[in-house]
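For reference, the chains in residue letters:
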Amino acid sequence: MSESYYSATAKEKFTTSKLCENLITDVCIIGGGIVALSCAQTLNENGISVAIIEKGQIFSGASGLNGGFVVPGYSLGLNEIEKKVGLEDAKELFEATIKGVNKVKNNILLYKLDSTKMEPGKLDLLRYRPSIKELNYPEMMARNYGYKIEQMEKEKVQGLLNTDAYCHGFFHPKGFHIHPLNYGFGLACQLEKDGVKFYERSKVKFIKKTEEGYKAVCSSGDITCQEVVVCTGGYPGDEPREIKKSILPITTYVVTSEPNDKIPNNYIKTKYALGDNRRASDYYRLVDDNRVLWGGRITAFPANNTKTIENKIRKDISNVFPELSNIKFSYSWSGVMGYATHKMPYIGQLKNGIWYCTAFGGRGLGSGTACGDIVARAVLGKTDQLKLFKNFNLQKNYGVFGKIAVEATYKRYIAKDYMKERSQKNNYWSKK
Ligand SMILES: Cc1cc2nc3c(=O)[nH]c(=O)nc-3n(C[C@H](O)[C@H](O)[C@H](O)COP(=O)(O)OP(=O)(O)OC[C@H]3O[C@@H](n4cnc5c(N)ncnc54)[C@H](O)[C@@H]3O)c2cc1C
């Protein structure tokens, strides 16, 4: 696949050296994605010395490759969370992600990260006529979670999107979208100025217990620290083994079209972040130069033939906008999301002094920022919010069998979406 649209258009720059010394710091964070930066920011603000070690470059993992949608919530749906932990804890878990979304927004405003091109509004699109229960969703979210969602009738949706694929919309005024790589680079520059140490192209090979605490060992240097926080997302190294064995790495795909004035003029007449409510969903948005950035599809085994994936996404686009069936792509790329089998993040302590904060799946910008802050405050002994995640422990990924199960589930999702959309004529509204 080609370079990502984000790296081709990055306005911010951030690079730093390899770890070639024996450094002493309070906390060492492994991984250089959005979770790591959020954790480092909170620790640094509390006077703790922090070093981030990244095996590639800062934000070269999922954090710099994603759709750029910043919305509250987790990969696991709120109703499932509520079933597992009850309404009160579900509320607290959801509120934490609202804080994460606000933290991203505040960083953009505070550090004047204009190149993130923050655009407000996220619109969830229904591919079938909603049931009465679904129409009550905004009211339930306002009542139970104090979160505002607005109904958008089909006619209004069609005024924004020239397609009859959608029957209804739920608009999230607090959601927004960004150029995620510019966010990462801009925030890293700021944190470095504030004293956080960064090392790139430095893979932590193992973590050793020492008299002083721990030593994170790379090939040409090491970091001695009191505490280690593992934030390795869908790209975990071999150590700690417990984390590697608990992550399901799932690859997902994004394309960006060639510039085409017809896209905003005729088809996508809004700058909102857009996504349908399928289980196997498509999401898209307009980006600079009148291009559409479109994401979707997942594989548990990375795709060998990327042209096949591009063709599948082209088919997904023409399924919504038939006139765009010959759309040409300038960029196409993939990224890896780390999932737990329960679809909630892993956040906790492996043993005294070794913490983990990972597995944000396809919803890491808001929730990853939130949990990076929570784990930092747990390291500082300033929160008991880790208890909210006690029902979501590390679970085995079952190796290749886990991946086969993921692919089977994804195919089942596609089939279920198809059946649901076909059966729409039997629902309440069509009987009226
Ligand atoms: C294509 C795509 C689209 C997505 N769209 C959205 C979206 O629109 N909105 C949203 O909220 N979420 C989205 N997500 C999910 C979101 O990007 C992730 O949940 C989030 O970025 C995870 O952040 P992270 O810091 O945990 O992991 P990452 O950003 O993946 O960072 C982990 C880092 O750890 C490093 N690492 C691993 N092992 C070691 C080691 N041993 N030593 C040193 N470094 C190491 C890796 O190199 C990597 O850079 C999407 C993901 C993908 C892939």
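Here's a quick rundown of the structure. Since the model is a prediction, treat every value here as computed from it, not as a measurement. (Residues numbered from 1 in each chain as written. Predicted model: local features only at pLDDT ≥ 70, side-chain atom pairs only at ≥ 80, totals over all residues. Heavy atoms only, no water.)

### Quick word on the overall build of the chain
In terms of regular secondary structure, the chain is built from 14 helices and 19 strands. A compact globule built from 432 residues would reach a C-alpha radius of gyration of about 22 Å, and the chain, at 21 Å, matches this within 12%. In the chain, buried positions account for 56% of the 432 residues. Averaging the coordinates of the 62 positive side-chain charges in the chain and doing the same for the 45 negative ones gives two points 5 Å apart. (Helix = DSSP H or I, 4+ residues; strand = E, 2+ residues; numbered from the N terminus. Rg over C-alpha atoms; globule rule 2.2 N^0.38 Å. Buried < 20%, exposed > 50% of the residue type's maximum accessible area, 1.4 Å probe, protein only. Lys, Arg positive; Asp, Glu negative; His and termini not counted. Charge placed at Lys NZ, Arg CZ, Asp CG, Glu CD.)

### Focus on the sheet that holds strand β10 (residues 214-218)
With mixed pairing, four strands are arranged side by side in an open sheet as β1-β11-β10-β9. Looking at which strands have only one partner, the edges of the open sheet turn out to be β1 (22-24) and β9 (206-209). In this sheet, adjacent strand axes meet at a mean angle of 20 degrees when their direction is disregarded. Direction of pairing for β1 relative to strand β11 (residues 221-225): parallel, over a ladder of three bridges. Its bridge partner lying in β11, L23 is registered against I223. (Pairing = 2+ DSSP bridges. Axes fitted to C-alpha atoms, helices over the stretch in contact; angles between N-to-C directions.)

### Considering the sheet that holds strand β2 (residues 27-30)
Taken together, six strands build an open sheet; the order of strands is β8-β3-β2-β12-β19-β18 and the sheet is mixed. Single-partner strands in this sheet number two, and they are β8 (197-199) and β18 (346-351). For this sheet, the mean angle separating the axes of adjacent strands, direction not counted, is 20 degrees. Judged from the three bridges that link them, strand β3 (residues 50-53) and β8 form a sheet pairing that is parallel. Each residue of the ladder has a partner; that of I52, found in β8, is F198. Against the sheet, helix α12 (residues 364-379) engages β2, β12 (227-230), β18 and β19 (354-358), with an angle of about 165 degrees to β19. (Contact = heavy atoms within 4.5 Å.)

### Thoughts on the site of the ligand
Lining the immediate environment of the ligand, one finds 37 residues, of which E54, S63, F69, Y235 and G361 sit closest. The contact in question runs from an oxygen atom of the ligand to an N or O atom on the backbone of I34, over 3.3 Å. Here a nitrogen atom of the ligand sits 3.1 Å away from a polar atom, N or O, in the main chain of Y235. Relative to its unbound accessible area of 1000 Å², the ligand is 97% covered by the protein chains. At the level of secondary structure, the elements contributing two or more residues to the shell around the ligand comprise α2 (34-45), β13 (248-257), β17 (329-339) and α12. Take the shell around the ligand: its biggest share by element is three residues, from β17. For the shell around the ligand, the residue count by class is 16 nonpolar, 17 polar and four charged. (Near = heavy atom within 4 Å. Polar contact = N/O pair within 3.5 Å; in protein donor to acceptor, adjacent residues only side chain to side chain. Areas by Shrake-Rupley, 256 points an atom, 1.4 Å probe, with all protein chains shown as cover. Nonpolar A, V, L, I, M, F, W, Y, C, P; charged D, E, K, R; others polar.)

### Observations regarding the pairing of β3
A two-sided burial pattern is seen for β3, the buried positions comprising V50 and I52 on one face and A51 and I53 on the other. Inspection of the sheet shows β2 paired to β3 by four bridges, in the parallel sense. By the bridge assignment, V27 is partnered in β3 with V50. Handedness of the β2-α2-β3 crossover: right-handed. (Right-handed = clockwise from strand over helix to strand, strands pointing away.)

### A closer look at the packing of aromatic side chains
Tallied over the entire structure, the rule returns 13 aromatic pairs. The ring centre of Y214 lies 4.7 Å from the NZ or CZ of K209, which sits over that ring. (Phe/Tyr/Trp six-rings, centres within 6.5 Å; stacked < 30°, edge-to-face > 60°. Lys NZ or Arg CZ within 6 Å of the ring centre and 35° of its normal.)

### Some thoughts on a nonpolar patch on the surface
On the surface, F301, Y398, V400, F401 and I404 cluster together into a nonpolar patch covering about 560 Å² of accessible area. Mapping F401 onto the fold places it in helix α13 (residues 399-422). (Patch = residues over 30% accessible without salt bridge, like charges linked within 9 Å, V, L, I, M, F, W, Y side chains within 5 Å. Salt bridge = Lys/Arg side-chain N within 4 Å of Asp/Glu carboxyl O.)

### Quick word on helix α8 (residues 180-193)
Look at α8: 20 Å from first C-alpha to last across 14 residues, which is about the 20 Å you get at 1.5 Å a residue. Of all 14 residues making up α8, 11 are buried, and the element is well covered by its neighbours. For α8, the set of buried residues is P180, L181, N182, Y183, G184, F185, G186, L187, A188, Q190 and L191. Lining the buried residues of α8 we find α1 (5-9), α2, α4 (87-110), β8 and β15 (283-287). One or two positions beyond α8, positive phi appears at G195, with a value near 115 degrees. (Expected span 1.5 Å × (residues − 1).)

### What to know about the packing of α2 against α12
Two numbers describe a pair of packed helices, the interaxial angle and the distance between the axes. Interhelical geometry of α2 versus α12 gives an angle of 40 degrees and a closest axis separation of 7 Å. Here α2 lies oblique to α12, going by the angle between them. The handedness of the crossing between α2 and α12 comes out as right-handed. In this structure, α2 uses I34, V35, S38, C39, T42 and L43 to contact α12, whose residues at the interface are G364, L365, G368, T369, G372, D373, V375, A376, R377 and V379. A per-class count over the contact of α2 with α12 returns eight nonpolar, six polar and two charged. (Parallel < 35°, antiparallel > 145°, perpendicular 65-115°, else oblique. Left-handed = near helix turned anticlockwise from the far one by under 90°.)

### Observations regarding the environment of R314
Within the element layout of this structure, R314 appears in helix α11 (residues 306-320). When the C-alpha positions of R314 and S257 are compared, they lie 10.0 Å apart, and in sequence the two are 57 residues distant. Setting aside its immediate chain neighbours within four residues, R314 contacts S325, I327 and F329. A distance of 2.8 Å separates a polar atom in the side chain of R314 from a polar atom in the side chain of N311.

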